[in-house]
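Overview (structure and organization)
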Amino acid sequence: MAANVLEAASTSRVVYWAHNAHVAAPENGRTTGAILRGVIGCDYLPIAITFGEGGFLAFRSFKSRRGVAADSETVSPQRHRGH
């Protein structure tokens, strides 16, 4: 994945959108983010994104007999916890 991002970045500006675990750049890590940080340095700027409510569709990496397997999830709004 990092190789694809770096190839695209060689000719233009790039936004790499992925799960937070992939964009993370831990020191001595093996994530795509860590690889990009190692090559690009401080110009790699990961942004973690979250949401309070909504839904998403996640595809598994294998195909079932009926086609690509997918899971659908819905997240309910979180109640504000006042102090």
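All figures in this text were calculated on a predicted structure; none of them were measured in a lab.

What follows is about a nonpolar patch on the surface. Residues Val15, Trp17, Ile47 and Ile49 make up a contiguous nonpolar surface patch of roughly 560 Å² in combined accessible area. Among the secondary structure elements, tryptophan 17 is positioned in the loop between α1 (2-9) and α2 (20-23).

All buried positions along helix α3 (residues 32-40) are accounted for by Thr32, Gly33, Ala34 and Leu36. The inward-facing, buried residues of α3 abut α1 and α2. Downstream of α3 by one or two residues, glycine 41 has phi in the positive range, about 80 degrees.

Once that is clear, we can look at the layout of surface pockets. By volume, the largest pocket amounts to about 650 Å³. What lines the largest pocket is a set of 22 residues, among which Val15, Tyr16, Trp17, Val23 and Ile47 lie closest to the centre. Elements with a contribution of two residues or more to the lining of the largest pocket: α1, α2 and α3. When grouped by side-chain class, the residues that make up the lining of the largest pocket number 16 nonpolar, four polar and two charged.

Thresholds, definitions, all that
Residues numbered from 1 in each chain as written. Predicted model: local features only at pLDDT ≥ 70, side-chain atom pairs only at ≥ 80, totals over all residues. Heavy atoms only, no water. Patch = residues over 30% accessible without salt bridge, like charges linked within 9 Å, V, L, I, M, F, W, Y side chains within 5 Å. Areas by Shrake-Rupley, 256 points an atom, 1.4 Å probe, with all protein chains shown as cover. Salt bridge = Lys/Arg side-chain N within 4 Å of Asp/Glu carboxyl O. Helix = DSSP H or I, 4+ residues; strand = E, 2+ residues; numbered from the N terminus. Buried < 20%, exposed > 50% of the residue type's maximum accessible area, 1.4 Å probe, protein only. Contact = heavy atoms within 4.5 Å. 1 Å grid on protein atoms, 1.4 Å probe; cavity = no way out; pocket = protein on both sides within 12 Å on 5 of 7 lines; lining within 4 Å. Points joined across faces, edges and corners; volume = space filled by probe spheres on them. Nonpolar A, V, L, I, M, F, W, Y, C, P; charged D, E, K, R; others polar.

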